[in-house]
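# Close look at the chain arrangement
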Number of protein chains: 2
Amino acid sequence: MKIISSTSNQYIKSIRKLSSRKERDRSGKFYIEGIRLIGEALRTDFPIESILYCSDLLTSGFGKNAIEEGEKKGVDIIEVTKDVFLSFALKDGPQGLAAVGIQKLVNIEELHNLKGLWIVLDNVQDPGNLGTIMRSLDGVGGKGLVLLGTTTDAYHPTSVRSSTGALFSLKITKMSLMSFSEWISKENMPIIGTICGEAVNYKKYDFPQDMILLMGSEQKGLGKELLDMCEGLVNIPLKGSVDSLNLACAVSVVLFEIYAKRQTR
Amino acid sequence: MKIISSTSNQYIKSIRKLSSRKERDRSGKFYIEGIRLIGEALRTDFPIESILYCSDLLTSGFGKNAIEEGEKKGVDIIEVTKDVFLSFALKDGPQGLAAVGIQKLVNIEELHNLKGLWIVLDNVQDPGNLGTIMRSLDGVGGKGLVLLGTTTDAYHPTSVRSSTGALFSLKITKMSLMSFSEWISKENMPIIGTICGEAVNYKKYDFPQDMILLMGSEQKGLGKELLDMCEGLVNIPLKGSVDSLNLACAVSVVLFEIYAKRQTR
């Protein structure tokens, strides 16, 4: 058992650096905080490099169990002082439990003969939206996400937190628009795009069993190249003065409609 | 036309103070930023005390029109230097247009014989969630919101921004749980609560035309006192590993189901 008491310890420094996307991309690691998230990562056998805890902050029995479980799985368990924990903690009122996870992106080569419900996001900017979308997708038993272009990082701390652990269950992959275009031309997976303009009311669309739901960015929606790949386009008709919904809410509304239609088939 | 060049000008100081709830509650004012939001506030004749702009930052013709329109409506128009604007701006890449709005909470005495769809939120903590809920409620043509207990402030800058202007169209009121209990005992308005536990699938519930959708906090859901006021309880059945949805997403999923049922009546 190691105990780290210096905030300038090399490993502690490397954890703080995980707040930057550049460092996450370089190292292939990411930061996880909080008892429930770490419990969920362990439950789903998600790869974890280390669990860090602070005895002064960690009072929850569930949290202490998580450490034991991690130890059994061969995860590096590191005790740190309160000062050290607070040097990387992101939560207000931190619970004294954090971890370093290993990013688990699926290779495009593994994505063949997909089944079930997938989401493809293009240029989505807000990591909170991305995490919330993962949470809803997992809530309907969806399979995974393809992140296109400059879409924000699934391993951003805000995305990880908002996903409430869905990140550990879903398959996640990143692609350029060009790779996606090539990939989809070989796969027999229908793409249904969601847009703000003229399209079929999502309530009336006959969604296929295996499909990709495609959403564009908060600001710009879907570009022409992606629109051309869609087998169908749906929208969510609105009343009132707003001209669109929050992206994660729009995704959720459509996802739960798809899900409900499946239940009644 | 006034031009303010000092960040320590009294009025500019008072604007910066609007980031604190205490000051918003005391003054009854709030801060609005961005061209679209201010355009929407003007369109809906929402009470605005002043519009502040910075020529160096404001390039949009739509933004300049908003100033003219505000002037016609008798709003105080104040030009400020870039330094001054940046001293209160909250957005990255500010557009050079901001305003001070006057809070417009509806008195409980005015709430009689309500019609349409209302939302009551108890102890919701996240202003982003609150704003997003307003956006979705406006999107289905809902009437208004009642904020109970320690629910976050509708005029928090994050709530204002996330509402994308729905805040200016909806009726909003605050009540203690006790006032709400008294009020509802006199009104003939059915309350449908949304919970995570045992309840009717929201897809199968026969929602009345005029109703209140009641939601509890992100962490704790609904307390017993509120549960007892409900005519019905609905839930959103989930698959996957997550045990709940983001609050704003859950509200949106139920709202759009209620909305769709009305359309097909």
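Residues numbered from 1 in each chain as written. Chains lettered and ligands numbered in written order. Predicted model: local features only at pLDDT ≥ 70, side-chain atom pairs only at ≥ 80, totals over all residues.

### Digging into the relation of the copies chain A and chain B
Overlaying chain A with chain B gives an RMSD of 0.0 Å, the required rotation being 180° about an axis along which the chain moves by 0.0 Å. Accordingly, the operation relating the two chain copies is best matched by a two-fold axis. (Least-squares fit on C-alpha atoms with pLDDT ≥ 70 in both.)

### Things to note about the sheet that holds strand β11 (residues 211-215) of chain A
Sheet strands line up and pair through hydrogen bonds in the backbone, either parallel or antiparallel. Residues and elements named next belong to chain A. Within the open sheet, the seven strands sit side by side as β8-β7-β6-β11-β9-β12-β10. Their pairing is parallel. Bordering the open sheet on either side are β8 (171-175) and β10 (200-201), each of which pairs with just one other strand. Both strand β7 (residues 144-148) and β8 contribute to a ladder of five bridges, which runs parallel. Opposite V146, over in β8, you have T173 as the bridge partner. Relative to the sheet, helix α11 (residues 247-263) contacts β6 (117-122), β9 (191-194), β11 and β12 (232-235), its axis offset from that of β11 by approximately 160°. (Pairing = 2+ DSSP bridges. Helix = DSSP H or I, 4+ residues; strand = E, 2+ residues; numbered from the N terminus. Contact = placed C-beta atoms within 7 Å. Axes fitted to C-alpha atoms, helices over the stretch in contact; angles between N-to-C directions.)

### Focus: the interface of chain A and chain B
Contacts between the two partners involve 28 residues from chain A, matched on the other side by 28 residues from chain B. Taken together, the elements giving at least two residues each to the side of chain A that touches chain B come down to α6 (127-139), α8 (166-169) and α11 of chain A. Looking at which element gives the most residues to the side of chain A that touches chain B, the answer is α11 of chain A, with six residues. Here the side of chain A that touches chain B is built from residues that sort into eleven nonpolar, twelve polar and five charged. (Nonpolar A, V, L, I, M, F, W, Y, C, P; charged D, E, K, R; others polar.)

### Structural notes on the sheet that holds strand β8 (residues 171-175) of chain B
Residue and element names in this part refer to chain B. One open sheet holds the seven strands; their spatial order is β8-β7-β6-β11-β9-β12-β10, and the pairing between them is parallel. A strand with exactly one partner marks an edge of an open sheet, and here the two such strands are β8 and β10 (200-201). Each of β6 (117-122), β9 (191-194), β11 (211-215) and β12 (232-235) is contacted by helix α11 (residues 247-263), which is oriented at about 160° to β11, the strand it contacts most.

### Side note on helix α3 (residues 35-43) of chain A
Three or more residues of α3 of chain A are buried, namely I35, L37, I38, E40, A41 and L42 of chain A. Residues of α3 of chain A that are buried in the fold lie against β2 (29-33), β3 (48-53), α4 (61-72), β5 (97-102), α7 (157-162) and α8 of chain A. (Buried ≥ 20, exposed ≤ 12 C-beta atoms within 10 Å, placed from the backbone.)

### Side note on the confidence of the model for chain A
The predicted model of chain A has a mean per-residue pLDDT of 94, with 99% of residues at 70 or higher. Interface confidence in the predicted complex, given as ipTM, is 0.94; pTM for the same model is 0.94. (pLDDT = per-residue confidence, 0-100.)

### Topic: the environment of K22 of chain B
With respect to the helices and strands, the residue K22 of chain B is situated in helix α2 (residues 21-27). Along the primary structure K22 of chain B and S217 of chain B are separated by 195 residues, whereas in three dimensions their C-alpha atoms are 22 Å apart.

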